[in-house]
Amino acid sequence: MAIKLDPTWLAELKDEFDKEYFKDLKSFLLTTKQSGISVYPPSNQIFAALDACTLPNLKVVIIGQDPYHGVGQANGLCFSVNKGIPVPPSLQNIYKELQSDLQINAPSHGDLTSWAKQGVLLLNATLTVSANQAGSHQNKGWEKFTDRVIEVINTNKSNVVFMLWGGYAKKKGKSIDEAKHLVLRSGHPSPLSANRGYWFGSKHFSQCNDYLTKQGSSPINWEDL
């Protein structure tokens, strides 16, 4: 797996690629592909979240867990799917909360790339998955890498909005300096959690924009999809 990454991130993360855990991760991915198992997203989209949202442009972080594991779904951004793919249930609930919070009608697709280009880092904790095997690349090294991504943001940036949806994301973001950043927590938008009442009504999107505006930064145009 050749490492091609946005230069602003590469400057901060280049040392990770020489560490033993990342060498083991690359070996695992190569072995998986050589065994005939498809790995998602495609190799040129594994770092899509970082490429689309450069470090200087970053304003918001949304943390997911794994890429989608169906054919053609994963595009390197958490909760996002390629155009032409049915919108997954969690993203449907994200759209419902957007409508409730900001009166934004749901788009006809699930591609969140335009959010990323506005400064929303849509970061999965694990950046790859084997076809039809949810969670199959957990504990192979990606979590160490994405912990380092969060550490870079926490240290080098100020006034970032972290949206932590569900228990996994809350644990992943436990080291964030809340004196420097805004941390918003809620239940996960998946149907099971959302329907318990821990997601709907969280109003994270309006809270995010209110905070960014107060910090003198331009808000996210969540409707731009």
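Not measured: the values here are computed from a predicted model.

### Digging into the overall build of the protein
Then comes step 1: Regarding its fold elements, the protein presents 9 helices and 6 strands.
Then comes step 2: Relative to the compact-globule value of 17 Å for 225 residues, the protein shows a C-alpha radius of gyration of 17 Å, a close match.
Then comes step 3: Projected onto its principal axes, the C-alpha coordinates of the protein cover approximately 50 × 35 × 30 Å.
Then comes step 4: Counting the 225 residues in the protein, one finds 50% classified as buried.
Then comes step 5: Long-range pairs, those at least 24 residues apart, make up 68% of the contacts in the protein with a sequence separation of at least 6.
Then comes step 6: Distance from the positive charge centre (23 side chains) to the negative charge centre (20 side chains) of the protein: 2 Å.

### Concerning the pattern of salt bridges
Then comes step 1: Under the defined criterion, the tally for this structure stands at 5 salt bridges.
Then comes step 2: Here Arg 148 ties to Glu 16 by a salt bridge, and the two come within 3.9 Å at their closest N and O atoms. One end of the pair, Arg 148, is in helix 6 (residues 142-156); the other, Glu 16, is in the loop between helix 1 (7-13) and helix 2 (20-34), with 132 residues separating them in the sequence.
Then comes step 3: Assessed through its relative accessible area of 21%, Arg 148 is described here as partly exposed.
Then comes step 4: The closest approach of N and O atoms between Arg 148 and Glu 151, which form a salt bridge, is 3.5 Å. Here the residue Arg 148 and the residue Glu 151 both occupy positions in helix 6, the gap between them amounting to 3 residues, near one helical turn.

### Focus: helix 6
Every α-helix carries 3.6 residues per turn, so stepping three or four residues along brings you back to the same face.
Then comes step 1: Taking 1.5 Å as the rise per residue, helix 6 with 15 residues should run 21 Å; its terminal C-alpha atoms sit 21 Å apart, in good agreement.
Then comes step 2: Turning to helix 6, its buried residues number three or more, namely Trp 142, Glu 143, Phe 145, Thr 146, Val 149, Ile 150, Val 152, Ile 153 and Asn 154.

### A few points about the environment of Gln 133
Then comes step 1: Mapping Gln 133 onto the fold places it in the loop between strand 4 (129-130) and helix 6.
Then comes step 2: Put simply, Gln 133 and Tyr 68 are 65 residues apart on the chain and 9.3 Å apart in space, counted from C-alpha to C-alpha.
Then comes step 3: Leaving out residues up to four positions away in the same chain, Gln 133 has contacts with Ile 37 and His 69.

### Quick notes on the packing of aromatic side chains
Then comes step 1: Tallied over the entire structure, the rule returns 15 aromatic pairs.
Then comes step 2: Note on Tyr 21 and Phe 22: the rings are 6.1 Å apart at their centroids and 80° apart in plane angle, and the pair reads as edge-to-face. Exposure class is identical for Tyr 21 and Phe 22. Each is buried.

### Observations regarding the pairing of strand 6 (residues 182-186)
Then comes step 1: Where strand 5 (residues 161-165) and strand 6 come together, 5 bridges link them in parallel fashion. Looking at the pairing, Phe 162 lines up with Val 183 of strand 6.
Then comes step 2: In this fold, strand 5 hands off to helix 7 (residues 167-172), which returns the chain to strand 6; that crossover is right-handed.

### Observations regarding the pairing of strand 5
Then comes step 1: Counting buried positions over the 5 residues of strand 5 gives 5, a clear majority of the element.
Then comes step 2: Burial along strand 5 is two-sided: Val 161, Met 163 and Trp 165 facing one way and Phe 162 and Leu 164 facing the other are all buried.
Then comes step 3: Relative to strand 5, strand 2 (residues 60-64) runs parallel, the two sharing 3 bridges. Its bridge partner lying in strand 5, Val 61 is registered against Phe 162.

### Quick look at helix 9 (residues 204-214)
Then comes step 1: If you check which residues of helix 9 are buried, you get His 204, Phe 205, Ser 206, Cys 208, Asn 209, Tyr 211 and Leu 212.
Then comes step 2: Where helix 9 is buried, its residues contact strand 2, helix 4 (89-102), helix 5 (113-118), strand 5 and strand 6.
Then comes step 3: Where helix 9 terminates, the next one or two residues include Gly 216, which has phi positive at roughly 80°.

### Examining the sheet that holds strand 3 (residues 120-124)
Then comes step 1: Pairing is parallel in the open sheet, where 4 strands are placed in the order 3-2-5-6. Both outer strands of the open sheet, strand 3 and strand 6, are each paired with one neighbouring strand and no more. Averaged over all neighbouring strand pairs, the angle between strand axes comes to 20°, with direction disregarded.
Then comes step 2: Bridging between strand 2 and strand 3 involves 5 bridges; their strand directions are parallel. Bridging from a neighbouring strand, Val 60 pairs with Val 120 of strand 3.

About the cut-offs
Starting from 1, residues in each chain are numbered consecutively following that chain's sequence as written. Given that this is a predicted model, residues contribute local features only at a pLDDT of at least 70 and side-chain atom pairs are listed and counted only at 80 or more, while totals for whole chains, interfaces and linings are drawn from all residues. The basis for every side-chain value is the complete set of heavy atoms in the structure, and neither hydrogens nor water enter the calculation. Working definition: helices are DSSP H or I runs of at least four residues, strands are E runs of at least two. Numbering for both runs from the N terminus. Our radius of gyration is a C-alpha quantity, and the globule rule it is checked against amounts to 2.2 Å times the number of residues to the power 0.38. Only protein chains enter the calculation, and the probe is 1.4 Å; a residue is then buried if its accessible area is under 20% of its type maximum, exposed if over 50%, and partly exposed in between. Every residue pair with non-hydrogen atoms within 4.5 Å of one another is taken to be in contact. Residues scored as charged are limited to Lys and Arg (positive) and Asp and Glu (negative), so that His and the chain ends carry no count. A charged residue contributes its charge at one atom only: NZ of Lys, CZ of Arg, CG of Asp or CD of Glu. Here a salt bridge means any side-chain nitrogen of Lys or Arg lying within 4 Å of a carboxyl oxygen belonging to Asp or Glu. One fewer than the residue count of a helix, multiplied by 1.5 Å, yields its expected span. Classification of ring pairs rests on two measures: the distance between centres of Phe, Tyr or Trp rings, Trp counted by its six-membered ring, which must be within 6.5 Å, and the angle between planes, read as stacked under 30 degrees, edge-to-face over 60 and tilted in between. Two strands are counted as paired when DSSP detects at least two bridges linking them. For a crossover, the right-handed case is the one in which the path from the first strand over the helix to the second runs clockwise, viewed with the strands pointing away from the viewer. Lines fitted to the C-alpha atoms define the axes, with helices restricted to the stretch that makes contact. Angles between their N-to-C directions range from 0 to 180 degrees.

Bear in mind that shape data such as this cannot, by itself, settle questions of function.
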